[in-house]
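# Tertiary structure, described
The lines below spell out each chain.
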Amino acid sequence: MIQIHKQKKEPTSLTEHRAKEKANYDNYPKKDEVRDSLYNEQRGLCCYCLGPILPEINNMKIEHFQCQANFPALQLDYRNMLGACMGNEGRPREEQHCDSFKANNPLTFNPTNLYLPIQNLIQYGTNGTISSTNADLNQEINEVLNLNLITLKNTRRAILEGFIKVATKKREGKLKKDVLHRWLGDWSGATHRGMLRPYNQVVVYWLQKKIDKA
């Protein structure tokens, strides 16, 4: 997970729909406009696993951080909406992740919290494991979002190993601090406003550790 900066302006169609009598999420006809908005503000990544998403109904879910079943008053609140991957929807539960696995279970840590950058609470192992020293967040990573599903772990590990292999080869094993900073800015998106690389935080974490030791 990574901190998400919500846009100040929500889609106009959502504002107009919410003002209608008996408006709810199910009868809101322009969900694609919300998908577009979420996709852009999340820079192409799932709000939870950071896998790639596209603003299409079969590729991306509109996730309600506070679920509709328990918080119906928030069903049309754009601040409560996130873009999530499909999370292996339709597969056995143990193979699901992100919103598909979460269902109506609550989460404590909201990636849109501007006062608590969630990536600062998360660490990555070289084997692709994601964890947190915060016991509650660590529990939610594993038991609410299933982010250590073997396929996700293997994907993160492969991305990190691929990056390290290319990076060390280009620099003949010598990684200077200015180079590390340049890569960190690129992978974290700090130096550009384009879409982010899928599962980027596993590389960002590794680069930051390297910089701290340099």
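What comes next concerns the included structure. (Residues numbered from 1 in each chain as written. Predicted model: local features only at pLDDT ≥ 70, side-chain atom pairs only at ≥ 80, totals over all residues. Heavy atoms only, no water.)

## Examining the packing of aromatic side chains
Rule in force here: Each pair of aromatic rings taken from Phe, Tyr and Trp, with Trp reduced to its six-membered ring, is defined by centres within 6.5 Å and is described as stacked if the planes are under 30 degrees apart, edge-to-face if over 60, and tilted in the remaining cases. Put simply, DSSP H or I for four residues or longer makes a helix, DSSP E for two residues or longer makes a strand, and each gets a number counted from the N terminus. Residue exposure (1.4 Å probe, protein chains only): buried if accessible area is under 20% of the type maximum, exposed if over 50%, otherwise partly exposed. Counting as a charge over the ring demands two things of the Lys NZ or Arg CZ atom: a distance within 6 Å of the ring centre and an angle within 35 degrees of the ring normal.
Within this structure, the stated rule accounts for four aromatic pairs. With 5.5 Å between their ring centres and 80° between their planes, Phe163 and Trp183 make a pair best called edge-to-face. Linking Phe163 in helix H5 (residues 150-170) with Trp183 in helix H6 (residues 177-188), this pair joins segments that are 20 residues apart in sequence. Per residue, the accessibility class of Phe163 equals that of Trp183, and both read buried. Arranged with centres 5.5 Å apart and planes meeting at 75°, the rings of Phe163 and Trp187 form a pair that is edge-to-face. A residue pair is termed long-range when its members are at least 10 positions apart, and Phe163 in helix H5 and Trp187 in helix H6 qualify at 24 residues. For the pair Phe163 and Trp187, one class covers both residues: buried. Three or more aromatic residues joined by ring pairs make a cluster, and in this case those are Phe163, Trp183, Trp187 and Trp206. Across the ring face of Tyr25, the terminal group of Lys31 is positioned such that the distance to the ring centre comes to 4.7 Å. The ring of Trp187 has Arg197 lying over it, and the distance from NZ or CZ to the ring centre is 4.5 Å.

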